[in-house]
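Working through the structure, step by step
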Amino acid sequence: MTPRISSTARAMVVAAALAAFVSAAAAEPQRGDAGPRGQNRERRAHLSADLAKHQARHTGTRERVIVRGTARELDLLASRHRLTIVKRMRGAAVMLANSAELSALSSDGAVDSLSGDAPVNSTTIVADASTGADQARSGNMHLVGLLGIPGVNGQGIGIAILDSGIAPHAALAQRVVANVSFISGDSQVNDEYGHGTHVAGIIAGNPASATGVTPEYAGGIAPGANLVNVRVLGADGSGYTSD
């Protein structure tokens, strides 16, 4: 004769089985679950475009890589992958890595993303080409079936510059045809801030007469234009809306 199990005992057995199942499921690593940083070893860190190219070149040349983390995390990463830290910043550091080292670093679960420490340069050389000003000045006299398009340089055109004024400068000689100040209580038209003169040089500066400026300066976009100096900003670069 089979002994009967009370409903209370049966409920206790079911509860114990469920508890054991839940505990086992919680202990088992979930595939694709990132979890705390450093726990997921399957994913790879996001690479900036320049680093992705560097990795694909399979080169031994080392490039500068920006890695983010605390000072301790960065030291551990550098030690683990035998990388040299060449610069430290708040919350990040620059390390040197070749293609293989970069691949290993991007596979480290403690790394979320990597960026290249690419060089940055200031330049004015591309201004003419990027705006099409060089084409406008040179024109095109070789169009088939047409009379061609003559070049223009702004001659006969007046351009008002509402800014901090225009200072006397050799590159702007004979370009400023009128001066006026709309600043309340200040009638001077000279540029004490510098921005207005900078803008005037971009518009109509003469590179042959430019002194004390970068060697890359190729002159204004419309070097033949006349300038009207309208001073509306003071020595600190600010002004009132009513002015």
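Within each chain, residues carry numbers counting from 1 in the order of the written sequence. Selection of residues for local features in this predicted model requires a pLDDT of at least 70, selection of side-chain atom pairs for listing and counting requires 80 or more, and totals for whole chains, interfaces and linings are taken over all residues. For the side-chain quantities, the full set of heavy atoms in the structure was used; hydrogens and water were omitted.

Digging into the overall build of the protein
Put simply, DSSP H or I for four residues or longer makes a helix, DSSP E for two residues or longer makes a strand, and each gets a number counted from the N terminus. Broken down by element type, the protein carries 7 helices and 8 strands. Three exposure classes are used, based on accessible area relative to the maximum for each residue type with a 1.4 Å probe and protein chains only: buried under 20%, partly exposed in between, and exposed over 50%. Split into buried and exposed, the 243 residues of the protein put 27% on the buried side. In what follows, residue pairs with any heavy atoms lying within 4.5 Å of each other are defined as contacts. Taking contacts inside the protein between residues at least 6 apart in sequence as the whole, the part at least 24 apart equals 69%. Counting every atom, the protein has about 16,000 Å² of accessible surface; 58% of that belongs to carbon and sulfur. With residues, only the protein chains shown are counted as cover, and all accessible areas are computed by Shrake-Rupley using a 1.4 Å probe.

Focus: helix H3 (residues 71-81)
The complete set of buried residues in H3 reads Leu 74, Leu 77, Ala 78 and His 81. Buried residues along H3 cover an arc of 95° about the axis, so they all sit on one side. Opposite its buried face, H3 presents the exposed residues Arg 72 and Ser 79, each directed more than 90 degrees away. Among the structural elements, strand E2 (63-68), strand E3 (84-89), strand E4 (92-97) and helix H4 (99-106) are those in contact with the buried residues of H3. Just beyond H3, the residue with positive phi is Arg 82, at close to 55°. When we speak of the arc, we mean the arc of directions from the helix axis to the C-beta atoms.

With respect to the nonpolar core
Buried Ala, Val, Leu, Ile, Met, Phe, Trp, Tyr and Cys residues that are joined via side-chain atoms within 4.5 Å together make up what is termed a nonpolar core. Residues Val 65, Val 67, Met 95, Leu 102, Leu 105 and Leu 114 are the most contacted members of the largest nonpolar core, which totals 16 residues. If you list the elements that add at least two residues to this core, you get E2, H3, E4 and H4. When sequence neighbours within four positions are dropped, the list of residues in contact with Leu 102 reads Leu 47, Leu 51, His 54, Gln 55, Val 65, Ala 97 and Leu 114. Membership of the second largest hydrophobic core comes to 7 residues, among which are Ile 161, Ile 166, Leu 172 and Ala 200.

Let's talk about unusual backbone geometry
Trans is the prevailing form of peptide bonds, just as negative phi is the prevailing case for residues other than glycine. Phi is positive for His 58, which is not a glycine, with a value near 50°. Residue placement: His 58 occurs in the loop between helix H2 (49-56) and E2. Classification of His 58 by relative accessible area gives exposed; the value is 69%. Despite not being glycine, Gln 174 shows a phi value in the positive range, around 65°. The residue Gln 174 is located in the loop between strand E6 (158-163) and strand E7 (176-181) in this model. Taking relative accessible area as the criterion, Gln 174 reaches 73% and is therefore assigned exposed.

Describing the packing of H2 against H4
Note on definitions: angles span 0 to 180 degrees between N-to-C directions of axes, and those axes are lines fitted to C-alpha atoms, for helices only across the stretch in contact. Closest axis-to-axis distance for the H2/H4 pair is 8 Å, and the angle between their directions is 120°. By the angle between their axes, H2 is oblique relative to H4. Crossing hand, H2 versus H4: left-handed. The segment H2 lies against H4, with Leu 51, His 54 and Gln 55 engaging Ser 99, Leu 102, Ser 103 and Ser 106. By residue class, the composition of the contact of H2 with H4 is 2 nonpolar, 5 polar and no charged. We call two directions roughly parallel when the angle between them is under 35 degrees, roughly antiparallel when it is over 145, roughly perpendicular when it lies between 65 and 115, and oblique otherwise. Each crossing is labelled by how the near helix is turned from the far one, with a counterclockwise turn of less than a right angle marking it left-handed and a clockwise turn marking it right-handed. Charged means Asp, Glu, Lys or Arg here, nonpolar means Ala, Val, Leu, Ile, Met, Phe, Trp, Tyr, Cys or Pro, and polar covers whatever is left, Gly included.

A closer look at the confidence of the model for the protein
Scored from 0 to 100, pLDDT records how confident the predictor is in each individual residue. The predicted model of the protein has a mean per-residue pLDDT of 83, with 76% of residues at 70 or higher. Segment residues 29-41: pLDDT under 50, and 17 contacts once partners within four positions in sequence are set aside and those in other chains are kept.

Some details on the pattern of salt bridges
A pairing counts as a salt bridge when a side-chain nitrogen of Lys or Arg comes within 4 Å of a carboxyl oxygen of Asp or Glu. Within this structure, the stated rule accounts for 5 salt bridges. Asp 75 is the partner of Arg 88 in a salt bridge, and the nearest nitrogen-oxygen pair spans 2.5 Å. Of this pair, Arg 88 sits in strand E3 while Asp 75 sits in helix H3, and the two are 13 residues apart along the sequence. When its relative accessible area of 37% is taken as the criterion, Asp 75 is described as partly exposed.

Examining the sheet that holds E7
Here a strand pair is declared whenever DSSP counts at least two bridges between the two strands. Strand order in this open sheet of 3 strands is E6-E8-E7, and the pairing throughout is parallel. Two strands close off the open sheet at either side, each with one partner strand: E6 and E7. Taken pair by pair, the neighbouring strands of this sheet meet at an average axis angle of 15°, ignoring direction. Alignment of E6 against strand E8 (residues 226-231), held across 6 bridges, turns out to be parallel. Bridging from a neighbouring strand, Ile 159 pairs with Leu 227 of E8. Those strands touched by helix H7 (residues 195-204) are E6 and E8, and its axis lies near 155° from that of E6.

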